[in-house]
Amino acid sequence: MEVLVVDPGARGHALARKISESSLVDRIFMAPGNTGTEEIAENTDISHVDLESQIDFVRKQKKIGMIVVAADDPLAMGVVDAFEEEFKDRDIKIWGPNQSASKIERSKAFSKQLMKSQGVDTADFTIAHTMQEAIRYADTQSFPLFIKMDQLFGGKGVSKAEDLFEVEDILCKYIGLGRFNRDNPVVIEQESPGVEISLQAFCDGEDYLMVPFAMKDHKTIYDGDKGPMTGGMGVIGPVPGLSTEDINRLGEKFVAPVLRELSRQGRPFRGMLYPGLRGSQCLEYNARPGDPEAQVWLSLMSSDLVEVMLASHECNLVDIKDSIKWRKAGACCLVLASRGYPEDPQKGAIIEGLASSLPADTHLLHAGTKKDEKNTIVDGGRVLNIVAVDDSVEEAINKAYQTSGLILFDGKQQRGDIGQCVTDSEFNKGIEQIKSSI
Ligand code: GLY
């Protein structure tokens, strides 16, 4: 079978890498692909958000039997619906939720209402369409409050307000951006107490299969969770302290009820559902594999990913559930970013060390890189990911940092504390709190 992967960054590279190991697959195309994927797949010059060109491409490539859509923008634009409509007469499996099911990520208001209606534990909130409504709610609440746009905004649609003045300032900024008006409400919510973890579940519309461990993303640019938000500077997994039984219980609490309700509403969710938790509450749902979470769980999955994706598309996860195998090991994904990231990433630095021999069970994934005549150079904010697997999470973290010493470029940024939480007593208390709530 031939496969098209629609995802531009390191997560796309990680997916292509795992798909390339499948005995069911003999050719992979990328939309668009990057310097790393050209070694295992065929890159195209088709953007991940150019639906028309993607359809055109699949029309010509008659052997494509599966399309994997893992990025949020094309899902929100309805790429799955467009493929389904266009290729009704061809047997193509499309992995990813359609537009109505992916609303759970795109619309924060929809998602919070869904959680409330299904009794999913989440922070108290309101949906405000006007400044007056927003201020009226905020005035009765304790701070901080979080203000979320009701649309995707490149991961930058959430702001924290410490007082009423900040609420007003943030909302004025959203109005200026055309992101807050009668048609575009905001969600204003209380802070959830506790530590943040990511869960991921393959879903087939009715049933689901949990990735059997939690992961911890590190979202800000600087150590100690300081500085602006990024697309994630590193992930570790499994988060120690949560057993497979705990993860299954978390699945019953945070995946089962929303999956059931989405199906009842006629928007069955097929693809990967990603509940982001903070303490015992659900912060948000994403409608795709996490980035960089996927880089970690893919490195720990021993089974054939394509078989699971096919089962998730064909609504028979139940038949394969018990046969999926995972490595008993720890993994760390360390993100290397460019100078100026996330605000003003600088391109052009030459990357050295890419040909180094890496420690066993370690690999590099490309995101913002490109080749000129002689060198591989920095071509974006998120440059490379280092993924290391070892017997324990701690060993995997050490190995990822050791590998980073081999990769050099001017302006290289990385966090120095990825995974330090595993030995932090406050973090471990937070995990205990999550355990005690299930
Ligand atoms: N790890 C954050 C995200 O994928 O949205």
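Everything that follows concerns the structure shown earlier in this document.
The rules behind each value
- Residues numbered from 1 in each chain as written.
- Predicted model: local features only at pLDDT ≥ 70, side-chain atom pairs only at ≥ 80, totals over all residues.
- Heavy atoms only, no water.
- Helix = DSSP H or I, 4+ residues; strand = E, 2+ residues; numbered from the N terminus.
- Rg over C-alpha atoms; globule rule 2.2 N^0.38 Å.
- Buried < 20%, exposed > 50% of the residue type's maximum accessible area, 1.4 Å probe, protein only.
- Contact = heavy atoms within 4.5 Å.
- Areas by Shrake-Rupley, 256 points an atom, 1.4 Å probe, with all protein chains shown as cover.
- Axes fitted to C-alpha atoms, helices over the stretch in contact; angles between N-to-C directions.
- Nonpolar A, V, L, I, M, F, W, Y, C, P; charged D, E, K, R; others polar.
- Core = buried A, V, L, I, M, F, W, Y, C linked by side-chain atoms within 4.5 Å.
- Patch = residues over 30% accessible without salt bridge, like charges linked within 9 Å, V, L, I, M, F, W, Y side chains within 5 Å.
- Salt bridge = Lys/Arg side-chain N within 4 Å of Asp/Glu carboxyl O.
- Lys, Arg positive; Asp, Glu negative; His and termini not counted.
- Charge placed at Lys NZ, Arg CZ, Asp CG, Glu CD.
- Near = heavy atom within 4 Å.
- Polar contact = N/O pair within 3.5 Å; in protein donor to acceptor, adjacent residues only side chain to side chain.
- Pairing = 2+ DSSP bridges.
- Phe/Tyr/Trp six-rings, centres within 6.5 Å; stacked < 30°, edge-to-face > 60°.
- Lys NZ or Arg CZ within 6 Å of the ring centre and 35° of its normal.

Asker: Would you take a moment to explain the overall build of the protein chain for this structure?
Answerer: A count of helices and strands for the protein chain gives 15 helices and 23 strands. Against the 2.2 N^0.38 benchmark of 22 Å for 438 residues, the protein chain shows a C-alpha radius of gyration of 21 Å, consistent with a compact globule. Taken along the three principal axes of its C-alpha coordinates, the protein chain extends 60 × 50 × 45 Å. Considering the protein chain as a whole, with its 438 residues, one finds that 57% of them fall into the buried category. Nonlocal contacts in the protein chain, meaning residues at least 24 apart in sequence, comprise 71% of its contacts between residues at least 6 apart. Approximately 18000 Å² of the protein chain is accessible, and the part contributed by carbon and sulfur atoms is 46%.

Asker: Which parts of the structure should I look at to understand the packing of helix H9 (residues 244-254) against helix H10 (residues 256-264)?
Answerer: Each packed pair of helices is defined by two parameters, the angle between the axes and the distance between the axes. Following both chains from N to C, one finds H9 and H10 inclined at 35°, their axes separated by 3 Å at the closest point. Facing Gly251, Glu252, Lys253 and Phe254 of H9, the residues of H10 in contact are Ala256, Pro257 and Val258. Tallied by class, residues from the contact of H9 with H10 come to four nonpolar, one polar and two charged.

Asker: Whenever I open this one, the nonpolar core confuses me. Can you help?
Answerer: Side chains of nonpolar character tend, in soluble globular proteins, to be buried together. Ranked by internal contacts, the top residues of the largest apolar core, which has 59 residues, are Ile104, Phe269 and Tyr285. Per-element tally for this core: the top contributor is strand E19 (residues 330-337), with five residues. When near neighbours in sequence (up to four residues on either side) are disregarded, Ile104 contacts Phe110, Ser111, Leu114, Val258, Leu262, Phe269, Leu273, Tyr285 and Ala287. Of all hydrophobic cores here, the second largest spans 45 residues; its members include Leu209, Val308, Leu317 and Ala331.

Asker: How should I be thinking about a negative patch on the surface in this particular structure?
Answerer: Among the surface-exposed residues, Asp163, Glu166, Glu168 and Asp169 lie close enough to one another that they form a single negatively charged patch. Topologically, Glu166 is positioned in helix H8 (residues 164-176).

Asker: So what exactly am I meant to see when it comes to the site of the ligand here?
Answerer: Close contacts around the ligand come from Asp217, Tyr274, Asn286, Arg288, Gly290, Asp291 and Glu293, and that covers them all. Asp217 places a side-chain nitrogen or oxygen 2.8 Å from a nitrogen atom of the ligand. Side-chain polar atom of Glu293 to a nitrogen atom of the ligand: 2.7 Å apart, as the coordinates give it. Bound to the protein, the ligand loses 84% of the 200 Å² it would expose on its own. Class assignment for the residues of the shell around the ligand results in one nonpolar, two polar and four charged.

Asker: What exactly am I supposed to notice about the pattern of salt bridges here?
Answerer: Oppositely charged side chains can form a pair if their charged atoms are brought close together. Following the criterion strictly, the structure yields 29 salt bridges and no others. Residue Lys18 is joined to Glu21 by a salt bridge in which the shortest nitrogen-to-oxygen separation is 3.6 Å. On the accessibility criterion, Glu21 (54% relative accessible area) is exposed. A salt bridge links Glu189 to Lys148, with the nearest nitrogen and oxygen atoms 2.8 Å apart. In this pair, Glu189 is assigned in strand E9 (residues 186-190) and Lys148 in strand E7 (residues 145-149), connecting sequence segments 41 residues apart. For the pair shown, Glu189 and Lys148 are each scored as buried. Within this structure, Asp56, Arg59, Lys60 and Glu86 form a network of salt bridges that share partners.

Asker: What exactly am I supposed to notice about the sheet that holds strand E4 (residues 64-69) here?
Answerer: Neighbouring strands of a sheet are bound in pairs by backbone hydrogen bonds; such pairs are parallel or else antiparallel. Here we have five strands laid out as an open sheet, ordered E3-E2-E1-E4-E5, and parallel in their pairing. Across the chains shown, the open sheet's two edge strands, defined by having one partner strand only, are strand E3 (42-43) and strand E5 (93-95).

Asker: Looking at this structure, I do not really get the pairing of strand E17 (residues 270-278). What am I missing?
Answerer: The side chains of a regular strand alternate between both faces of the sheet. The element E17 is largely enclosed, with a buried count of seven among its nine residues. Looking at chain direction, strand E11 (residues 201-204) and E17 are connected through four bridges and run antiparallel. Looking at the pairing, Asp204 lines up with Arg270 of E17. When E17 meets strand E18 (residues 281-286), the two strands line up antiparallel, connected through five bridges. Paired with Leu277 across the two strands is Cys282, which belongs to E18. Hairpin geometry of E17 and E18 is characterised by an intervening segment of two residues between the two adjacent antiparallel strands and by a positive phi of about 60° at Gly279.

Asker: Explanation requested: the pairing of strand E23 (residues 382-390) in the structure shown.
Answerer: For E23, a buried count of eight out of nine residues is recorded, marking the element as mostly surrounded by other parts of the structure. Of the pairings in the sheet, the one linking E19 to E23 comprises eight bridges and is antiparallel in character. Bridge assignment links Leu334 to a residue of E23, and that residue is Ile386. Here five bridges tie strand E20 (residues 362-366) to E23, and the two strands are oriented antiparallel to one another. Among the inter-strand pairings, Leu365 is bridged to a residue of E23, identified as Asn385.

Asker: Whenever I open this one, the packing of aromatic side chains confuses me. Can you help?
Answerer: The final tally for this structure, using the stated rule, is six aromatic pairs. Seen from their ring centres, Phe213 and Trp326 are 5.8 Å apart, and the 90° between their planes marks the pair as edge-to-face. Taken together, the positions of Phe213 in the loop between strand E12 (208-210) and strand E13 (216-217) and Trp326 in the loop between helix H13 (317-320) and E19 put the pair 113 residues apart, joining distant regions of the chain. Assessed through its relative accessible area of 5%, Phe213 is described here as buried. By way of ring pairs, the aromatic residues Trp95, Phe202, Phe213, Trp297 and Trp326 are connected into one cluster. When the ring centre of Tyr208 is taken as origin, the NZ or CZ atom of Lys321, which lies over that ring, is 5.6 Å away.

Read these as geometric descriptors, not functional statements.
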